[in-house]
There are 2 protein chains.
Amino acid sequence: MRALPQEDTVYLGDTARVPYGTKSPETVVRFSRQIASFLVKKDIKLLVVACNTASAVALEVLQTEFPIPVVGVIEPGAERAVTVTRNGKVGVIGTAGTIRSSAYTKAIKRINPEIEVVTTACPMFVPLAEEGWVDNEVARLTAATYLQEMKTKGIDTLVLGCTHYPLLKGIIAEVMGSDVTLVDSAAETAKKVRAILSGSGELRPEAEQGNHHFYVTDVPAGFIRVGNRFLGSAFGDVYQVELEDEQFSEEDLL
Amino acid sequence: MRALPQEDTVYLGDTARVPYGTKSPETVVRFSRQIASFLVKKDIKLLVVACNTASAVALEVLQTEFPIPVVGVIEPGAERAVTVTRNGKVGVIGTAGTIRSSAYTKAIKRINPEIEVVTTACPMFVPLAEEGWVDNEVARLTAATYLQEMKTKGIDTLVLGCTHYPLLKGIIAEVMGSDVTLVDSAAETAKKVRAILSGSGELRPEAEQGNHHFYVTDVPAGFIRVGNRFLGSAFGDVYQVELEDEQFSEEDLL
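What counts and what doesn't
- Residues numbered from 1 in each chain as written.
- Chains lettered and ligands numbered in written order.
- Predicted model: local features only at pLDDT ≥ 70, side-chain atom pairs only at ≥ 80, totals over all residues.
- Heavy atoms only, no water.
- Patch = residues over 30% accessible without salt bridge, like charges linked within 9 Å, V, L, I, M, F, W, Y side chains within 5 Å.
- Areas by Shrake-Rupley, 256 points an atom, 1.4 Å probe, with all protein chains shown as cover.
- Salt bridge = Lys/Arg side-chain N within 4 Å of Asp/Glu carboxyl O.
- Helix = DSSP H or I, 4+ residues; strand = E, 2+ residues; numbered from the N terminus.
- Pairing = 2+ DSSP bridges.
- Axes fitted to C-alpha atoms, helices over the stretch in contact; angles between N-to-C directions.
- Contact = heavy atoms within 4.5 Å.
- Core = buried A, V, L, I, M, F, W, Y, C linked by side-chain atoms within 4.5 Å.
- Buried < 20%, exposed > 50% of the residue type's maximum accessible area, 1.4 Å probe, protein only.
- pLDDT = per-residue confidence, 0-100.
- Expected span 1.5 Å × (residues − 1).
- Domains from an automatic or database assignment.
- Buried area = accessible area lost by both parts, 1.4 Å probe.
- Polar contact = N/O pair within 3.5 Å; in protein donor to acceptor, adjacent residues only side chain to side chain.
- Nonpolar A, V, L, I, M, F, W, Y, C, P; charged D, E, K, R; others polar.
- Parallel < 35°, antiparallel > 145°, perpendicular 65-115°, else oblique.
- Left-handed = near helix turned anticlockwise from the far one by under 90°.
- Right-handed = clockwise from strand over helix to strand, strands pointing away.

Caption draft 1: View of a nonpolar patch on the surface. A cluster of nonpolar side chains, contributed by Met1, Phe230 and Leu231 of chain A, occupies part of the molecular surface with about 290 Å² of accessible area. Structurally, Met1 of chain A can be placed in the segment before strand E1 (9-13).

Caption draft 2: Summary view of the sheet that holds strand E4 (residues 89-94) of chain B. Residue and element names in this part refer to chain B. As summarised here, the arrangement of the four strands in space is E5-E4-E6-E7, forming an open sheet in which the pairing is parallel. The open sheet has two edge strands with one neighbour each: strand E5 (116-121) and strand E7 (181-183). Neighbour-to-neighbour, the strand axes of the sheet open up by a mean angle of 25 degrees, direction not taken into account. Contacts from helix H3 (residues 74-84) reach E4, strand E6 (157-161) and E7, with the element oriented near 160 degrees to E7. Sitting on the sheet, helix H8 (residues 169-176) touches E4, E6 and E7, and the angle it makes with E6 is about 150 degrees.

Caption draft 3: Main features of the nonpolar core. Core analysis: the biggest nonpolar cluster contains 52 residues, and Ile93, Phe125 and Ile172 of chain A together with Ile93, Phe125 and Ile172 of chain B have the highest contact counts within it. With residues up to four places along the chain from it excluded, the contact list for Phe125 of chain B reads Ile93, Thr142, Ala143, Tyr146, Tyr165, Leu168 and Ile172 of chain B.

Caption draft 4: Molecular detail of the confidence of the model for chain A. Residue and element names in this part refer to chain A. Averaged over every residue, the pLDDT of chain A is 93; the share at 70 or more is 94%. The low-confidence segment residues 247-254 (pLDDT under 50) makes 13 contacts with residues lying over four places distant or belonging to another chain. Model confidence for the complex: the whole-complex pTM is 0.91, and ipTM, which rates the interface, is 0.89.

Caption draft 5: Focus on the pattern of salt bridges. Summed over the entire model, instances satisfying the criterion amount to 30 salt bridges over all chains. A salt bridge links Arg140 of chain A to Glu137 of chain A; the nearest nitrogen and oxygen atoms lie 3.0 Å apart. On the criterion of helical spacing, the pair formed by Arg140 of chain A and Glu137 of chain A is a turn pair, its members being three residues apart in helix H7 (residues 137-151). In this structure Arg140 of chain A comes out as partly exposed when scored by relative accessible area, which is 21%. A salt bridge links Arg17 of chain B to Asp14 of chain B; its shortest N-O distance comes to 2.8 Å. A single salt-bridge network, built from bridges that share partners, covers Asp135, Glu137, Arg140 and Glu174 of chain A.

Caption draft 6: Structural view of helix H1 (residues 25-40) of chain A. For H1 of chain A, which comprises 16 residues, the first-to-last C-alpha distance of 22 Å matches the rise-based estimate of 22 Å (1.5 Å per residue) to within 8%. Listed in full, the buried residues belonging to H1 of chain A are Thr27, Val28, Val29, Arg30, Phe31, Ser32, Gln34, Ile35, Ala36, Phe38 and Leu39 of chain A.

Caption draft 7: Spatial organisation of the domain arrangement of chain A. All names here are of chain A. We note that the domain assignment places domain 1 (9-73 + 188-253) and domain 2 (74-185) within chain A. Taking only C-alpha atoms into account, the centre of domain 1 sits 23 Å from that of domain 2. Contact with domain 1, which involves 16 residues of that partner, is made by 21 residues of domain 2. Summed over both partners, the interface of domain 1 with domain 2 buries about 1,600 Å², with 54% contributed by carbon and sulfur atoms. The salt bridge partner of Arg80 is Glu188, with a shortest N-O separation of 3.7 Å. Along the contact surface separating domain 1 from domain 2 lie nine residue pairs in polar contact (both at pLDDT 80 or more). Elements represented by at least two residues in the side of domain 1 that touches domain 2 include exactly helix H2 (52-65), helix H9 (186-199) and helix H10 (220-231). The dominant element in the side of domain 1 that touches domain 2, judged by the number of residues it contributes, is H2, at five residues. Split into classes, the residues belonging to the side of domain 1 that touches domain 2 amount to seven nonpolar, six polar and three charged.

Caption draft 8: Just the packing of helix H7 (residues 137-151) of chain B against H8 of chain B, in detail. All names here are of chain B. Where H7 contacts H8, the two axes come as close as 9 Å, and the packing angle between them is 45 degrees. Taken together, H7 and H8 sit at an angle that is classed as oblique. For the crossing formed where H7 meets H8, the hand is right-handed. Taking contact as the criterion, the partners of Ala139, Arg140, Ala143, Ala144, Leu147, Met150 and Lys151 in H7 are, on H8, Ile171, Ile172, Glu174, Val175 and Met176.

Caption draft 9: Molecular detail of the pairing of strand E6 (residues 157-161) of chain A. Residues and elements named next belong to chain A. Burial analysis of E6 places five of its five residues in the buried class, which makes it a mostly covered element. Residues of E6 alternate between two faces, with Thr157, Val159 and Gly161 on one and Leu158 and Leu160 on the opposite face, all of them buried. As judged from the five bridges shared by strand E4 (residues 89-94) and E6, these two strands associate in the parallel manner. Paired with Gly91 across the strands is Leu158, a residue of E6. Here E6 pairs with strand E7 (residues 181-183) via three bridges, running parallel. Residue pairing across strands places Leu158 opposite Leu182, the latter belonging to E7. What joins E6 to E7 is helix H8 (residues 169-176), and the crossover it makes is right-handed.

Caption draft 10: Looking closely at the sheet that holds strand E1 (residues 9-13) of chain B. Residue and element names in this part refer to chain B. Pairing within the open sheet is parallel, and its three strands lie in the order E1-E8-E9. Either end of the sheet is taken by a strand with one partner, and the two such strands are E1 and strand E9 (238-240). The mean angle between the axes of side-by-side strands here comes to 25 degrees, regardless of whether they run parallel or antiparallel. Summarising the sheet, strand E8 (residues 212-216) and E9 pair through three bridges and their orientation is parallel. By the bridge assignment for E9, Val216 is matched with Gln240.

Caption draft 11: Representation of the interface of chain A and chain B in the model. Tallying the contact residues gives 41 residues for chain A and 40 residues for chain B. A buried area of about 3,300 Å², summed over both sides, lies between chain A and chain B, and 58% of it is on carbon and sulfur atoms. Taken together, the links from chain A to chain B amount to 10 residue pairs in polar contact (both at pLDDT 80 or more). Of all the elements in the fold, those that place two or more residues in the side of chain A that touches chain B are H1, helix H6 (125-131), H7, strand E9 (238-240) and helix H11 (250-253) of chain A. Here the side of chain A that touches chain B takes six residues from H7 of chain A, the largest share from any one element. Partitioning the side of chain A that touches chain B into residue classes produces 21 nonpolar, seven polar and 13 charged.

What follows is the structure, encoded as structure tokens:
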């Protein structure tokens, strides 16, 4: 919204089924397909998979199945980390699903195989952010516990590989110290979107003003409350929708 | 399984969509209906809603809509707390959804309106239990933070109003002190099930040996890992199933 204010956005938050970070790849792929189908029916010209876990496990499937550009958040974050690091040692933190997939390690090594990548899953960070505990002793001790080993590895760059983690930036920086640069994917992903749309001649003129539509799968109240923590103010109407499951019977699965 | 070893059980864990404690009542009711429909098709004679959040918000709907006895975990826990307390001051901890519903307070006051009930939501307890952090400093500090105010209220009984909380019994007891009795609903719920089946003449002879079937909505691996923490050993085959959503179009909702 800040980087490309002229573009419309259609956002789907699967609030009835979050979090994704603890689910299996199979289930994340199934849910991601449902969401992509919903958004493609809204006539979008490009799809951003703005969730690290879904990017890590479902991106290729979506790129194969849908006829529009599909951009994940892993590659932009990996590119940024490779640019930022001076000593060639990069840390990555994320959900269990993202870390288990090794998606960041693979993406970083595709750009530069020489770079050493150290990864740690931090499952408690999402609940902490959702609880609003981003600057208390529990958050500090949790960060210290997860990052204890990471600190001994000599990294100079740490990728915040989950959409919620930038909310914990303060205490993560405190634990890691000022020598470690924190990287998050949001700004890089927006740049990539601009580049793709610009390349295909689909970028809107800057004079225009985009509209934003929000859809969620649970009732909107909770989403509006947490969303305000990210966007900082009221962000218009939020509608509840039902995602369609692929229809197969229980017998197919047994 | 321990209290009524002669009975078959059919268990459905909605692992693709947990946790329920953070979802709206509307969504918990919708998911609970899907699960009840699935289990009723398995020809069960009684349904236990073995989740505090679902019991708190969906029990009445299920009791109205399904033609078999439906037993929740709130009432048995409330009855136990009323029996246990000596000073008439009872604490209840649970998920945001359970506490917001006031289901325990209402159930306790229905039995004895004189009893004072103090409640606190502890959203971080489920992620802690899932992470296996049940006896470290983060768990201890989280419990101390949530229970700080509860400790000043002079309660002598505390209801663990969420299926995961008994895993944190050790540190909860440590924080609350030995004067406070911890109550969980599991044993009381099993007693209630026995009483209902006995009353209707549907209790199996004790010489029989029940079979147990487990169904989940995500792939079984994660469920088996966490399930072992509760049941203590391998518990047979676990099948993945798809729950059917009520079919209504997006337009119905807008």
